[in-house]
Amino acid sequence: MSNTVLTFTDRGIYCPAGDFFIDPWRPVDRALITHGHADHARPGHRRYLCTDACAPVMIHRLGSISVETVKFGEVRKIGDALVSFHPAGHLPGSAQIRVEVAGEVWVASGDYKVVPDGISEPFEPVKCHSFITECTFGLPVFKWDDQNDVAKDLNVWWAKNTADGKASILGAYSLGKAQRLLAMVDPAIGPILTHGAVENTNQVLRNQGYCLPDTIHVTPDLNVKNHSGALVIAPPSALGSQWARRFGPSSTAFASGWMRLRGVRRRRAADRGFVISDHADWDGLMSAIQETGAENIFTTHGYTDIFARWLNTQGYNAQVLKTEFGTDEDDTAPTGEAA
């Protein structure tokens, strides 16, 4: 097998045969985008290509851009490369990108999780010779509980706070995680209020037909006293802020895979942590890699060195790929956490 289907440059992952980049971190002529998070979909590219389900939120975040779309599974010929996008399960519209040149197939995973979440298009494994995989949670300690069990705990927490006369403030990334949590909670418990960053994203996804419960946008003139016992969903940066203090007595929680690590909840200034992530856990990473049938594995953003060394002991040809991904709240390891 050649090494020229995808190459690795200081601007991003590059395909010479098609003259395009995948999730480049510096401005390029043509960028193929896996999903709309800020570390993968950056401003400044001349042309963008993504799934039709990804485009609306990307346009919402990046403004006026030149974007072309494809459907999941649709094959597009770009130069001498055949390209297709396949569900990554990370968030609505997210994709893995398959690139085939002269019969050799590479897949760039972007971010992914293998367990269906009830809102994102479920992950589909793609056969390939070489697989570029994230490993945000690439340690055996990271194993996720069943989503139904997490939902039950979340609703019990909210209901108890309501009974105690408290608001429930839940910190979650505004694109993907917040909507997943909305699909998990029981609206019968009380009203659901949202920070503007979350509500704006909700509206983009609702307009596409994604089903979300009713929410109330927290505007400056909203009288929060009229919404007692509410669940408030906001970006993690809002926890402990002046914005959050307007809700009066409250209990705060943070939803992230990092809640699996001891001490993180305290540093996040939260009363409660819910272990839930839009990235694959250890078992999910291993099953995804096995299902590709790939011999060559490139590990990106996460516990890259440890994960690559483990894969090499399992018979894979694994190496670390240095990238500039992993800069949103859910990707970034909490300060002070070491592998």
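Right above here is the structure, for reference.
A. Representation of the sheet that holds strand 8 (residues 81-87) in the model. With respect to topology, 7 strands assemble into an open sheet ordered 7-8-9-10-11-18-19, the strand pairing being mixed. A strand with exactly one partner marks an edge of an open sheet, and here the two such strands are strand 7 (76-78) and strand 19 (317-320). Looking at each pair of strands side by side, their axes are set apart by 25 degrees on average, direction ignored. When strand 9 (residues 95-101) meets strand 10 (residues 104-108), the two strands line up antiparallel, connected through 5 bridges. In the sheet register, I97 faces strand 10, and the bridge partner there is A108. Sitting on the sheet, helix 7 (residues 282-292) is in contact with strand 11 (130-135) and strand 18 (296-302), with an inclination near 175 degrees to strand 11.

B. Representation of unusual backbone geometry in the model. Positioned with a positive phi, D19 is a non-glycine residue whose angle comes to about 55 degrees. The residue D19 is located in the loop between strand 2 (13-15) and strand 3 (20-22) in this model. A residue is classified by how much of its surface remains accessible, and D19, at 46% relative accessible area, is partly exposed.

C. Examining the pattern of salt bridges more closely. In the structure shown here, the tally under the stated rule is 15 salt bridges. When the shortest N-O distance is used, the salt bridge between K113 and D117 registers 2.8 Å. Accessibility classification places K113 together with D117 in one group, the buried group. Note that D278 and R180 form a salt bridge whose closest N and O atoms lie 2.9 Å from each other. Taken together, the residues D278 in the loop between strand 17 (272-274) and helix 7 and R180 in helix 3 (residues 177-184) connect sequence positions 98 residues apart. For D278, a relative accessible area of 3% translates into the label buried. The network of salt bridges with common partners includes R30, E68, E74 and R76.

D. Molecular detail of the nonpolar core. By size, the foremost hydrophobic cluster in this structure holds 25 residues, and its most contacted members are L154, W157, L170, L181, L231, I233 and F274. When contributions to this core are tallied by element, the ones reaching two or more residues are helix 2 (147-163), helix 3, helix 4 (196-207), strand 15 (231-234) and strand 16 (250-255). With 5 residues, helix 2 is the single largest residue contributor to this core. Beyond its immediate stretch of four places on either side in the chain, L231 contacts W157, W158, S168, L170, V185, P191, I192 and L193.

E. Inspection of empty space enclosed by the protein at higher detail. A full pass over the atoms with the stated rule returns 3 cavities of 30 Å³ or more. Here the largest cavity defines a volume of roughly 70 Å³. Along the walls of the largest cavity sit I13, I22, D23, T34, H40, A108, S109, G110, I132, T300, H301 and F325, which together make up its complete lining. Across the lining of the largest cavity, the residue classes tally to 5 nonpolar, 6 polar and 1 charged.

The rules behind each value
- Along each chain, residues carry numbers from 1 onward, in the same order as the chain's sequence is written.
- A pLDDT threshold of at least 70 governs which residues receive local features in this predicted model, and a stricter bar of 80 or more applies before side-chain atom pairs are shown or counted, although totals over entire chains, interfaces and linings include all residues.
- Values reported for side chains reflect all heavy atoms of the structure, with hydrogen atoms and water molecules removed beforehand.
- At least two bridges found by DSSP between two strands is the condition for calling them paired.
- Strands here mean DSSP runs of E at least two residues long; helices mean DSSP runs of H or I at least four residues long; both are numbered from the N terminus.
- In this analysis, axes come from line fits to C-alpha atoms, helices being fitted only over the stretch in contact, and the angle between any two N-to-C directions falls in the range 0 to 180 degrees.
- Whether two residues are in contact is decided by their heavy atoms, any of which lying within 4.5 Å being enough.
- In this scheme, a residue with accessible area under 20% of its type's maximum is buried, one over 50% is exposed, and one in between is partly exposed, where area comes from a 1.4 Å probe on protein chains only.
- One side-chain nitrogen of Lys or Arg within 4 Å of one carboxyl oxygen of Asp or Glu is enough to make a salt bridge.
- In this text, buried Ala, Val, Leu, Ile, Met, Phe, Trp, Tyr and Cys residues form a nonpolar core when linked through side-chain atoms within 4.5 Å.
- Residues are called lining when one of their atoms sits within 4 Å of a cavity or pocket point, these points coming from a 1 Å grid over the protein atoms alone, where a cavity is a set in which a 1.4 Å probe fits but cannot get out and a pocket is an open set with protein on both sides within 12 Å along at least five of seven lines.
- Grid points are joined across faces, edges and corners, and a volume is the space filled by probe spheres set on the points.
- Side-chain classes are defined by residue name, with Ala, Val, Leu, Ile, Met, Phe, Trp, Tyr, Cys and Pro counting as nonpolar, Asp, Glu, Lys and Arg as charged, and the others, Gly among them, as polar.

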